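# Working through the structure, step by step
What follows is each chain in one-letter form.
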Amino acid sequence: RTPWAFVEGFEQGLDGWQLAGEDFSGAAISTRDNAHDGGHSLSLSLPARKHSVTAISTRLRGWKVEQHRAVGLRLWLRTGKGEG
């Protein structure tokens, strides 16, 4: 278990987060105020006719996970419309 409740609350914006991949035109990364925990959440918009988008982060470091002997991560997801 890591000692913090969430990796990034996004209250200070998207520092350390970005979209990855060669073709993510039409995709968007932003923050929203409908967080599960904290004040803000990460929001990813999919490009038209695409099924996925990749976001990368420097916020979660392997040494930190190893140091605290974490055995997993929990990720909360929700969709803005449709089914998830």
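Above this text you will find the structure in question.
The structure reproduced in this document is the subject of the present report. Just so it is clear, the structure is predicted and the values come from calculations on it, not from any experiment. The residue numbering used here restarts from 1 in each chain and proceeds along that chain's sequence as written. Owing to the predicted nature of the model, reporting of local features is limited to residues with pLDDT of at least 70; listing and counting of side-chain atom pairs is limited to 80 or more, with chain, interface and lining totals taken over all residues. Side-chain measures here rest on the full set of heavy atoms in the structure, leaving out hydrogens and waters.

## Things to note about the overall build of the chain
Along the backbone of the chain there are one helix and four strands. The cut-offs for exposure are 20% and 50% of the maximum accessible area for each residue type, with area from a 1.4 Å probe on protein chains only; residues under the lower value are buried, those over the upper are exposed, and the others partly exposed. Across the 84 residues in the chain, those meeting the buried criterion constitute 13%. Residues count as neighbours in contact if any of their non-hydrogen atoms are within 4.5 Å of one another. Here the contacts in the chain between residues at least 6 apart in sequence split such that 51% fall between residues at least 24 apart. Computed with the Shrake-Rupley method and a 1.4 Å probe, the accessible areas treat only the protein chains shown as cover for residues. Accessible surface computed for the chain: about 7,100 Å², of which carbon and sulfur atoms make up 48%. Numbering goes from the N terminus for both helices and strands, where a helix is a DSSP run of H or I of at least four residues and a strand is a run of E of at least two.

## Concerning the side chain of Ser41
Considering the arrangement of structural elements, one finds Ser41 in strand S3 (residues 41-45). The exposure class of Ser41 is buried, given its relative accessible area of 16%. Polar contacts, as counted here, are pairs of nitrogen or oxygen atoms within 3.5 Å of one another; within protein the pair requires one atom able to donate a hydrogen and one able to accept it, and residues that are adjacent in sequence qualify only if both atoms are side-chain atoms. For Ser41, the side chain forms a polar contact with the side chain of Asn34, separated by 3.1 Å.

## Here's the deal with the environment of Ser43
By the secondary structure assignment, Ser43 is in strand S3. Overall, Ser43 belongs to the buried group, its relative accessible area being 12%.

## Quick look at the environment of Ala35
Tracing the backbone through its elements, the reader meets Ala35 in the loop between strand S2 (28-32) and S3. C-alpha separation for the pair Ala35 and Phe10, spaced 25 residues apart in sequence, amounts to 9.3 Å. Apart from residues lying up to four places away in sequence, Ala35 is in contact with His40 and Ser41.

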